[in-house]
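# Reading the structure
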Amino acid sequence: MLRQPGSALKPFTYAHALASRRYTPASVLADIELNVPEASGAFTPENFDETYHGPTPLRQALASSFNVPAVRLAREFGAAALLETLHRFGFDALDRAPSYYGVGLTLGNGEVQPIELARAYAGLARGGTLPPVHAVRWARTVEGDTLHPDVPAPRQTGRSPAVAFLITDILDDPAARTPGFGRGGPLEFSFPVAVKTGTSKDYRDSWTVGYTPRHTVAVWAGNFDGAPMDRMSGIAGAAPLFHSIMRTLGSGGDFERPPGLTPAKVCPASGKRPGAHCPAPQRELFLSGTVPTDTCTVHRVVAIDQRTGRRAAPGTASRHVQQKRYAVYPERYHAWMREHDLPLPPPHGGDRSHASACPESRDSCSDSAVASPALKSRAPGRRRMRSGNNQSCLSPRTEGSRASLIDCRGPEGHPVGGAGAGVSPSLRPERSEEVVSGLHSRDLFGSFLHPGKNEHQFQMEKQPANVVKEAPRVTDRLRIRDPADGALFYVDPVLRDRYQRLSLKGMVPDAFRDVHWVVDGTRHASGAGRAMWQLRPGTHRIELRARHEGQAVRSPAVQIRVVAATSPPNRSTVSEK
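Residues numbered from 1 in each chain as written. Predicted model: local features only at pLDDT ≥ 70, side-chain atom pairs only at ≥ 80, totals over all residues. Heavy atoms only, no water.

### Quick notes on the pattern of salt bridges
Under the criterion given, the structure shown has 17 salt bridges. Put simply, Arg59 and Asp173 hold a salt bridge, and the shortest N to O gap is 3.0 Å. In this pair, Arg59 sits in helix α2 (residues 58-63) while Asp173 sits in the loop between α7 (161-171) and α8 (174-181), placing the two residues 114 residues apart along the sequence. Measuring nitrogen to oxygen at the nearest pair gives 3.8 Å for the salt bridge that ties Glu84 to Arg88. Pair noted here: Glu84 and Arg88 are both in helix α4 (residues 79-88), with a separation of four residues, about one helical turn. The exposure class assigned to Arg88 is partly exposed, which follows from its relative accessible area of 36%. (Salt bridge = Lys/Arg side-chain N within 4 Å of Asp/Glu carboxyl O. Helix = DSSP H or I, 4+ residues; strand = E, 2+ residues; numbered from the N terminus. Buried < 20%, exposed > 50% of the residue type's maximum accessible area, 1.4 Å probe, protein only.)

### Comments concerning the environment of Leu124
Note that Leu124 resides in helix α6 (residues 114-125). Under the relative-accessibility criterion, Leu124 is labelled buried at 3%. On a C-alpha basis, the gap between Leu124 and Ile167 in space is 7.7 Å, while along the polypeptide they are 43 residues apart. Beyond its immediate sequence surroundings of up to four residues, Leu124 is in contact with Pro11, Phe12, Phe89, Ala164, Ile167, Thr168 and Tyr211. (Contact = heavy atoms within 4.5 Å.)

### Some points on the sheet that holds strand β8 (residues 205-211)
Sheet architecture is open: three strands sit in the order β7-β8-β9, paired in antiparallel fashion. The open sheet terminates on both sides in strands that have one partner only, identified here as β7 (194-199) and β9 (216-222). When strand polarity is set aside, the average angle formed by the axes of neighbouring strands in this sheet is 10 degrees. Judged from the seven bridges that link them, β8 and β9 form a sheet pairing that is antiparallel. Paired with Ser206 across the bridge in β9 is Ala221. Set on the sheet, helix α9 (residues 238-249) makes contact with β7, β8 and β9; between it and β8 the angle comes to about 25 degrees. (Pairing = 2+ DSSP bridges. Axes fitted to C-alpha atoms, helices over the stretch in contact; angles between N-to-C directions.)

### A few points about the sheet that holds strand β26 (residues 531-534)
Strand order in the open sheet formed by three strands is β21-β23-β26, and the pairing between neighbours is antiparallel. Each edge of the open sheet is held by one strand with a lone partner, namely β21 (479-482) and β26. Going from strand to strand, the sheet's axes swing by 40 degrees on average, the running direction of each strand aside. Looking at chain direction, β21 and strand β23 (residues 501-507) are connected through three bridges and run antiparallel. Bridged to Ile480 within β23 is Gly506.

### Observations concerning the side chain of His53
Relative to the assigned elements, His53 resides in the loop between β1 (28-31) and β2 (54-57). One polar contact links the side chain of His53 to the main-chain carbonyl oxygen of Thr51, over a distance of 3.4 Å. (Polar contact = N/O pair within 3.5 Å; in protein donor to acceptor, adjacent residues only side chain to side chain.)

### Details of the confidence of the model for the protein
Overall, the prediction assigns the protein a mean pLDDT of 77, with 74% of residues at 70 or greater. Taken together, the stretch residues 567-577 has pLDDT below 50 and engages in 28 contacts with residues farther than four places along the chain or on a different chain. (pLDDT = per-residue confidence, 0-100.)

### Details of the pairing of strand β28 (residues 551-554)
Direction of pairing for strand β20 (residues 473-474) relative to β28: parallel, over a ladder of two bridges. By the bridge assignment for β28, Val474 is matched with Arg554. With four bridges connecting them, strand β27 (residues 538-548) and β28 associate as antiparallel partners. Across the sheet, the residue bridging to Ala546 is Val553, located in β28. Taking the residues that link successive antiparallel strands as the turn, the β27-β28 hairpin has two residues, and the phi of Glu549 there is positive, at about 55 degrees.

Okay, here's the thing in structure tokens:
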């Protein structure tokens, strides 16, 4: 049986990256929009939660199964090198040319045998040594003789025990897994287990593969005829079975750390040694010789004039000066930061330009200064293309870290497949928040229509509503991306209200201020990113408003209808979202 493994192939891309010694578990990867030109056509990969996470530590990117960082690594090393690594780990079924798979290989767009996947993970568990596969240990003849067939010798994968252990340590790290999967689900155990999920395109295959020092288990769930399942991701389908099997097998003890690894403290925002202003250094493991020697320069302190809210001048009296910490990231992250309402450090004097916000002093700001993502809850990014199923509209189901939506348009036929997934609704734990790798972890269980709002973000909807009285001018520069005008939604009579919220998404130029949503004439929530609105029956008018050059402006209005359904809606009656 040949099946697409989805994100279950990602660990081998990261093993290749770590073995190159260009990357460490602390290396910061860019989880921002990426356009990938391929022979079959250009595509833009997207994470399963439809969110860009900005600068992300490699450990977190793998454990949380983010797609975009994995595709970036695949582009850097090339499909040929990744295919060679996979062949070393025994994936002989991947017998096409590298150009056939492209960078989608890291997302599992090639077909493999389940036994190959199990054997490859067993190779990681054995420190990079691929075990032989044999179905018969002994046989007995009619004469009573016992025969022991020859067993092939173990095969080396070319990956050192130290590299294999780093991958194991990441896959066994529930804190690093939290941004993508939350806490307390079927991937967590009371004993060490390294585990990874995978979901193929259109939910045709649901995988969970993992190991202890004693046992390796690979679970596949799907239809034998290859038909798509009903939004059955790896975490929702295969993971509960994997969890039960592993609990039955029991602990295999602790993973033994091999020689060739060195622990050191780093700042997760930069992957370098902590500087004087780094707020949350953490311990990380490195291949010997790859421990960073540079000191983090991401976190810097800027003097702010409390009277004006701008950068303090050299002669400003100390009683008016407040020291505020910012994070200085490369310019490639600026658009992501602006989209997520993370402000630049204030400018000097009355100059409001970006250039003046980062003047001559490199130590105080630099031309790439933005506020640290650790200071704000993360908000979702723009929707593009992601591995796995890409469907949207309303459905009374959840699929873990991302809310499940019925596709009113049908599959979009993405050229890549596979994604990690969230936690099964039946296994959803209590809400939890924690600091992971120095960044604020998102709680992924708060919304039916949105991949994860934490308590701070939900408070926007609980704030007292202010009726908007000013008549703003309509401008096309403000745009509502979701919902679509004329969309029809159904409120399920059984599902709890918290899982029946509508995600409002808009696009706003940087120069606009006081950006907020107005629903039925009432101010609802601030911010141009995603706000959540509780579905309620009726016809509703939605606007995105702001102020520009002293004037109130608004987007063209969107009107939607919400119906109280007595039974799940027929797909053919749901409007395109």
